[in-house]
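Observations on the three-dimensional arrangement
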Amino acid sequence: MEFAELIKTPRVDGVVLHRPFLPTVEGTLCLTGHHLILSSRQDNTEELWLLHSNIDSIEKRFVGSLGSIIVKCKDLRVIQLDIPGMEECLNIASSIEALSTLDSVSLMYPFFYRPMFEVIEDGWNSFLPEDAFKDLESMTDEWRLSEVNKDFSVCPSYPPLVAVPKDIDDETLRKVATFRHGGRFPVLSYYHKKNGMVMMRAGQPLTGTNGRRCKEDEKLINATLRPGKRGYIIDTRTINVAQQAKARGGGIESEANYPQWRRIHKAIERSNVLQESLIKLVEACNDQSHNMDRWLSKLEASNWQTHVKEILTTACLAAQCIDREGASVLVHGTEGTDTTLQVTSLAQIILDPSCRTIRGFQGLVEREWLQAGHPFQQRCAQSAYSNSKPRQEAPVFLLFLDCVWQILRQFPCSFEFSESYLVLLFEHAYASQFGTFLGNSAAERAKLSLPEKTVSLWSWVNRHQEIERLTNPLFEANSLVIWPSVAPQSLLLWEGVFLRWNRSSKCLDEAYEEMVHIIEYNKELQNKVNSLRRQLAQLETEDPLLQTP
Amino acid sequence: MEFIRLPKVENVKLLDRVSPRRSRVGTLYLTATHTIFVENEAGVRNETWVLHSLVCSLEKQAATSSGYPLLIHCKNFQVLHFAIPREQECQDVHLSLQRLSQPESYEELYCFSYKPNVDDEERQNEWDFMNLKADYSRMGLPNAHWKLSPANRNYKVSDTYPADLFVPESATPPVIVGSSKFRSRGRFPTLSYYSKENHAAICRSSQPLSGFSARCLEDEQMLEAILRSNPCSDFMYVVDTRPKLNAIANRAAGKGYENEDNYSNIKFQFIGIENIHVMRNSQQKMLEVCELRSPSMSDFLEGLESSGWLKHIKAVLDAGIFITKAVAEEGVSVLVHCSDGWDRTAQVCSVACVLLDPYYRTLQGLMVLIEKDWISFGHKFSHRCNHLVGDPKEVSPVIDQFLECVWQLMEQFPCAFEFNERFLITIHSHIYSCQYGNFIGNNQRERIQVHQRTHSLWSYLWTNRTDYINPLYRPDHSQTQGLLRPSTAPYCFKFWRGLYNRFDQGIHPRQSVEDYLRTIQEETQQLEEQLASHKQVNFKLPLIMDPDSDEAVYSARGSNDQTLPFQPSSSARINLHFFFACGVFATHTLVSKCLL
């Protein structure tokens with residue numbers, strides 16, 4: 001397909017652009033296959049380069065022959081384009097609509113994007129499962145890397161290599177896979193070095209209504225327990241939801257068959273409910289009524305903060321079982337691709353200091369989200385402004401990032417990265433020039449040949465300039481477990497995402513710069529003093545008669 | 001003391017509201033001024049001290065397995081939950097505290113028995129620290145338009161006003177007296193703030209006694225005089241901070257508001273801040289939400305909404321912004337009043353001052369502002385803060401709302417204020433504690449005697465100012481200059497967890513950016529000193545050059561690298577490390593306090 005077919009009017013002059021907190025710009029609007037571009041053709045004015053895939057929905061308005069298109073983006077920004085000429089406006093609108101909803105993944109921009117920077121380290125090879133396993137091997141010999149899924153036939157949403165208990169052979173894994181939703185047999189998610197406890201994740205057991213049982217499944221997870229010790233199964237669904245799942249072939253691990261495990265149910269919402277929640281929250285944030293009661297009741301009714309609290313609480317529970325109770329944990333919900341991953345990844349943020357570094361966090365997103373089969377493409381196809389009925393869209397990953405932000409706010413010195421890193425990941429998950437978040441699983445990514453045909457987001461992030469921009473100046477490595485508070489008073493609205501386009505952040509940005517300045521100045525002085533000391537020491541060795549002051 | 005029925009109870013439990021496992025056992029002591037709980041745990045001498053004057057309410061609850069519970073709510077929002085072994089003991093403690101926390105005369109207040117180690121001359125000097133005249137001269141007063149009036153020297157015209165008042169140059173004594181007779185409690189229109197740049201002024205008063213039709217020529221002349229003292233403007237605003245309905249209701253009682261037809265060139269405006277009773281109930285509701293045991297997000301947000309608290313805070317700030325715009329942008333003078341002119345009027349005038357004038361955003365400036373618009377103008381601290389046993393309907397968190405408005409502004413403008421949150425919280429605490437003489441009584445006239453025998457909070461705060469400095473403040477920063485233009489979109493107003501949940505340690509951030517920056521700045525200061533002394537030494541040595549100038553010289557000398565890594569001699573660096581090591585379990589404030 002040629003993009004040209006979709007672009008009826010490639011260029012319009014005299015278009016006026018309105019953006020939040022920026023002066024209006026008049027210029028020429030151009031449509032290309034992947035971008036909406038507005039250029040004033042003056043050197044010093046900023047231009048607009050907007051990816052079509054970042055456009056969530058558009059609205060058209062007409063006053064006489066002047067048309068306006070209101071463009072609502074997936075990053076929650078809203079801009080307005082005033083276009084002279086009814087026909088031009090209609091053409092542009094229909095082109096945007098078509099280009100922003102392309103069905104075929106291979107037409108997406110990452111397949112056309114050529115990096116303008118030198119790729120020093122190819123991000124596609126930065127976080128291979130075999131490398132992660134080497135780290136594990138250095139700590140324990142109780143696990144092995146299985147190739148049972150190497151052609152994605154045992155579990156289509158798992159990567160080709162997974163870590164499983166050493167004594168469990170591939171044949172057993174194949175049997176267990178038939179007993180778990182989506183073939184997602186229990187695999188290692190995290191090994192807690194401090195006490196050797198582990199966190200595993202899986203899909204729900206397919207017990208069905210007549211209580212089907214799978215001895216191999218029991219054997220597998222029991223293999224992770226120390227003699228005489230019990231483990232915890234954290235089911236992210238309420239007991240009712242889990243019971244109802246039986247009718248559709250799903251179910252729970254019964255006490256009778258899993259006597260060494262204690263099952264705990266939590267209530268993390270899924271899919272449609274979350275999408276609704278996001279839409280309501282963004283609507284509340286955009287409400288111009290200036291009415292306090294209305295704002296608070298809309299914020300409450302959106303339930304967004306409730307989800308944040310619920311997810312964090314469950315992650316804390318998992319972390320507590322591992323670190324405080326010294327028990328191993330298995331986490332699952334229904335499919336094991338959404339709420340499960342929120343819990344396992346946040347628990348690692350709490351427990352493992354290495355996940356709180358820039359690179360470590362990439363590794364976490366890579367392991368616990370991308371390779372673990374979170375269906376990014378389905379979940380992030382639409383954002384809060386979409387008019388179409390949500391299919392499988394849900395802000396599961398955004399909620400995870402929000403939870404990380406909450407922990408970051410409570411431990412502002414324990415993360416190597418700053419808030420902007422989280423915002424960046426949110427943006428790129430929804431629309432990007434990089435291939436990282438395309439596809440729904442490792443299998444799909446392999447089929448699309450993403451590593452060969454697209455650039456990885458990590459290749460771009462892991463360059464000196466970017467790392468510097470994303471580094472938290474307050475960071476001091478903290479090797480401890482960090483327990484966040486989940487009290488409602490402690491959980492805040494993530495302004496950096498939800499109010500980003502509604503209020504000027506000038507004063508807050510200035511405060512941030514001031515903070516950086518204070519720290520930089522301190523470092524500068526340290527260097528000076530050290531350098532002077534060195535000289536002095538040197539002089540002393542050369543001339544022993546000189547005394548230190 | 002005769003009110004203490006039982007000076008000591010052993011085996012008392014101090015229950016932790018959030019996690020019962022963290023409860024502590026110890027001995028409870030009642031002294032003349034404090035309730036003290038000393039933990040039994042061997043090795044640690046963990047003490048909790050609570051001033052009797054900070055106790056707001058006491059509640060005995062039904063006996064439980066751990067004893068007879070006694071719940072103490074404090075005015076600084078601390079909640080202590082004791083379990084006392086025997087019923088009689090609980091009864092005795094309850095009755096003792098009930099009496100001790102509700103003094104019947106000023107003489108019983110803590111400020112009269114608070115005796116820090118300071119001699120009397122020094123104590124008197126403490127009071128000289130605050131000088132309101134200096135603030136008026138900072139504004140450029142007196143000048144050709146405004147004069148200091150002796151009319152209220154002996155508190156004859158208005159017994160709730162200060163002795164020194166600024167009035168328009170053309171306001172003659174008969175006009176002042178006449179106008180005062182037409183205003184509630186004699187509180188005639190007088191100056192609160194004067195803008196040197198454009199001559200616009202903020203004036204304040206109580207409501208006029210206009211009823212349905214009454215007029216007062218002198219009062220009309222008074223407003224005319226205020227208008228004329230601003231040569232650049234041909235009209236002035238009269239802002240009634242009450243909701244219109246309330247003001248209309250007052251007319252039936254012979255009070256009310258200005259009729260635009262009777263006053264020349266005024267623009268009259270209602271602003272709609274609710275009265276002290278609404279505010280009291282609102283805060284009560286909000287505090288109930290803060291104290292919920294393990295609230296869901298919905299419980300909390302619904303509770304916060306239905307308390308209406310943030311709505312009221314927004315109303316006060318909105319009013320302040322209205323006045324700020326009138327003064328700074330239109331150059332128009334404003335007269336502000338409510339009913340008596342000592343609650344909403346004080347809030348609105350002082351919020352406007354903070355927005356208008358960077359001076360009031362400094363440590364000293366905020367103290368001056370509270371002294372001017374609250375203490376001197378007769379905000380009834382003793383009634384509103386329940387210093388003595390009295391009418392519970394007089395109690396209202398009016399000053400809390402002002403402090404919160406300042407906090408909300410600090411959240412929006414992190415570099416604009418010289419002081420930090422701790423400063424506001426400390427002021428809040430001492431407004432209620434009665435430890436200092438500043439807030440005792442209801443007006444200046446009542447307070448004259450108090451100063452002779454008590455200490456001043458302002459001097460204490462100034463002496464300890466390093467604790468209250470905002471590390472992000474710089475006098476030359478752009479945020480520090482000129483007026484503040486805050487957003488009043490509802491989402492800009494946050495719940496002030498630092499004050500209302502101040503004692504619930506678990507819910508605050510476990511690492512404080514501010515404390516971190518403060519430590520860095522201390523270290524920087526040491527480095528600057530070291531650098532200065534090193535440079536001095538190096539200056540004496542030949543061949544040494546400033547490290548900034550040319551590194552090549554040194555490498556030519558050969559790199560016998562005996563690096564001495566920099567370690568500041570004193571505690572700052574150690575502080576920083578310790579800070580991180582302990583950060584997870586203790587709040588940093590505590591850690592750095594321990595080390596000091």
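In this text the structure is predicted, and so the values were computed from the model without any measurement.

This next bit is on the sheet that holds strand β14 (residues 329-332) of chain A. All names here are of chain A. An order of β10-β11-β14-β12-β13 is seen for the five strands of this open sheet, with the pairing classed as mixed. Two strands lie at the open edges of the sheet, namely β10 (187-192) and β13 (261-265), each paired on one side alone. Here the average twist between neighbouring strands, direction ignored, is 20°. Running at roughly 155° to strand β11 (residues 197-201), helix α9 (residues 339-351) makes contact with β10, β11 and β14 of the sheet.

The next point concerns the environment of Trp261(A). Residues and elements named next belong to chain A. When you line up the elements, Trp 261 lands in strand β13. Separated by 66 residues in the primary sequence, Trp 261 and Ala 327 place their C-alpha atoms 9.9 Å from one another. If we skip the residues at most four places from it in the chain, Trp 261 touches Met 200, Ile 221, Asn 222, Thr 224, Leu 225, Gly 231, Tyr 232, Ile 233, Ser 328, Val 329 and Leu 330.

Next up on the list: the packing of helix α12 (residues 396-410) of chain A against helix α13 (residues 419-430) of chain A. All names here are of chain A. Contact geometry of α12 with α13 gives a least axis separation of 10 Å together with a crossing angle of 180°. By the angle class used here, α12 and α13 are roughly antiparallel. Where α12 abuts α13, its residues Phe 397, Leu 398, Leu 401, Val 404, Trp 405 and Leu 408 lie against Glu 419, Leu 422, Leu 425, Phe 426 and Ala 429. Its residues assigned to classes, the contact of α12 with α13 comprises 10 nonpolar, no polar and one charged.

What follows deals with a nonpolar patch on the surface. All names here are of chain A. A contiguous nonpolar surface patch, about 250 Å² in accessible area, is contributed by Phe 62, Met 86 and Leu 90. The residue Phe 62 is located in strand β5 (residues 55-63) in this model. What makes Phe 62 partly exposed here is its relative accessible area of 33%.

On to helix α6 (residues 271-286) of chain A, then. Residue and element names in this part refer to chain A. Taking 1.5 Å as the rise per residue, α6 with 16 residues should run 22 Å; its terminal C-alpha atoms sit 23 Å apart, in good agreement. Along α6, the positions that sit buried rather than exposed are Leu 274, Gln 275, Ser 277, Leu 278, Leu 281, Val 282, Ala 284 and Cys 285. On the buried face of α6, the contacting elements are α7 (292-302), α8 (304-323), α12 and α18 (495-498).

Residue and element names in this part refer to chain A. Taking strand neighbours across the sheet as the criterion, the seven strands line up as β4-β3-β2-β1-β7-β6-β5 in an open arrangement whose pairing is antiparallel. The two strands at the open ends of the sheet, each matched to only one other strand, are β4 (48-51) and β5. Across this sheet, the average inter-strand angle for adjacent strands is 30°, counted without regard to direction. Relative to β4, strand β3 (residues 35-39) runs antiparallel, the two being bridged by four bridges. Each bridged residue has a counterpart across the sheet, and for Ile 37 the counterpart in β4 is Trp 49. Its contacts with the sheet put helix α1 (residues 86-99) on β1 (11-19), β2 (22-31), β3, β5, β6 (66-73) and β7 (78-84), and the angle it makes with β5 is roughly 165°.

The next subject is unusual backbone geometry. Residue Pro142(B) follows Leu141(B) across a cis peptide bond; omega there is -5°. By the secondary structure assignment, Pro142(B) is in the loop between α3 (132-138) and β8 (146-149). The backbone of Phe21(A) shows a phi angle near 65°, a positive value even though the residue is not glycine. Assignment of secondary structure puts Phe21(A) in the loop between β1 and β2. One non-glycine residue, Asn11(B), adopts positive backbone phi at about 55°. By the secondary structure assignment, Asn11(B) is in strand β1 (residues 8-15).

Often the size quoted for an interface is simply the accessible area lost on bringing the parts together. Residue and element names in this part refer to chain A. Structurally, chain A comprises domain 1 (3-102) and domain 2 (129-503). Each partner contributes to the interface: domain 1 provides 15 residues, whereas domain 2 provides 21 residues. Counting the surface lost from both domain 1 and domain 2, the interface buries some 1,400 Å², and carbon and sulfur atoms represent 63% of this. Considering only the side of domain 1, the residues that lose the most area to domain 2 are Asp 56, Lys 74 and Leu 76, jointly responsible for 44% of the buried surface there. The interface formed by domain 1 and domain 2 contains nine residue pairs in polar contact (both at pLDDT 80 or more). Elements represented by at least two residues in the side of domain 1 that touches domain 2 include exactly β5 and β6.

This paragraph deals with the UniProt feature "domain: Myotubularin phosphatase" (unreviewed entry) in chain A. Under the UniProt annotation, "domain: Myotubularin phosphatase" (unreviewed entry) lies at residues 123-498 of chain A. Note that residues 123-498 of chain A is 44% helix and 9% strand, and that its end C-alpha atoms are spaced 29 Å apart.

Before going further, it helps to spend a moment on the interface of chain A and chain B. Listed per partner, the contact involves 69 residues of chain A and 76 residues of chain B. Our count for the contact surface shared by chain A and chain B stands at three salt bridges. As a salt-bridge pair, Asp293(A) and Lys311(B) come within 3.3 Å of each other at their nearest N and O atoms. Counting across the interface, chain A meets chain B through 20 residue pairs in polar contact (both at pLDDT 80 or more). Put simply, the parts of the chain that give the side of chain A that touches chain B at least two residues each are α7, α8, α12 and α19 (506-542) of chain A. When residues in the side of chain A that touches chain B are grouped by element, the largest group, 26 residues, is from α19(A). Partitioning the side of chain A that touches chain B into residue classes produces 35 nonpolar, 20 polar and 14 charged.

This model, assessed by the stated rule, comprises 49 aromatic pairs over all chains. Ring centres of Tyr114(B) and Tyr436(B) lie 5.5 Å apart, and the angle between their planes is 70°; on these two criteria the pair is classed as edge-to-face. One end of the pair, Tyr114(B), is in the loop between α1 (87-100) and α2 (120-128); the other, Tyr436(B), is in the loop between α14 (421-433) and α15 (444-447), and 322 residues separate them in sequence. There is no split in this pair, since Tyr114(B) and Tyr436(B) are both buried. Through a chain of ring-to-ring contacts, the aromatic side chains of Phe361(A), Trp369(A), Phe376(A), Phe397(A), Phe400(A), Phe415(A), Phe417(A), Tyr421(A) and Phe437(A) assemble into a single cluster.

Next up on the list: α2(B). Residue and element names in this part refer to chain B. For α2, the set of buried residues is Arg 123, Glu 126 and Trp 127. Angularly, the buried residues of α2 cover 95° about the axis, an arc narrow enough to put them on a single face. Exposed positions of α2 whose direction lies more than 90 degrees from the buried face are Glu 121 and Asp 128. Packed against the buried residues of α2 are α16 (457-463).

About the thresholds
Residues numbered from 1 in each chain as written. Chains lettered and ligands numbered in written order. Predicted model: local features only at pLDDT ≥ 70, side-chain atom pairs only at ≥ 80, totals over all residues. Heavy atoms only, no water. Pairing = 2+ DSSP bridges. Helix = DSSP H or I, 4+ residues; strand = E, 2+ residues; numbered from the N terminus. Axes fitted to C-alpha atoms, helices over the stretch in contact; angles between N-to-C directions. Contact = heavy atoms within 4.5 Å. Parallel < 35°, antiparallel > 145°, perpendicular 65-115°, else oblique. Nonpolar A, V, L, I, M, F, W, Y, C, P; charged D, E, K, R; others polar. Patch = residues over 30% accessible without salt bridge, like charges linked within 9 Å, V, L, I, M, F, W, Y side chains within 5 Å. Areas by Shrake-Rupley, 256 points an atom, 1.4 Å probe, with all protein chains shown as cover. Salt bridge = Lys/Arg side-chain N within 4 Å of Asp/Glu carboxyl O. Buried < 20%, exposed > 50% of the residue type's maximum accessible area, 1.4 Å probe, protein only. Expected span 1.5 Å × (residues − 1). Domains from an automatic or database assignment. Buried area = accessible area lost by both parts, 1.4 Å probe. Polar contact = N/O pair within 3.5 Å; in protein donor to acceptor, adjacent residues only side chain to side chain. UniProt positions renumbered as here; feature names shortened; annotations may be inferred. Phe/Tyr/Trp six-rings, centres within 6.5 Å; stacked < 30°, edge-to-face > 60°. Arc of directions from axis to C-beta.

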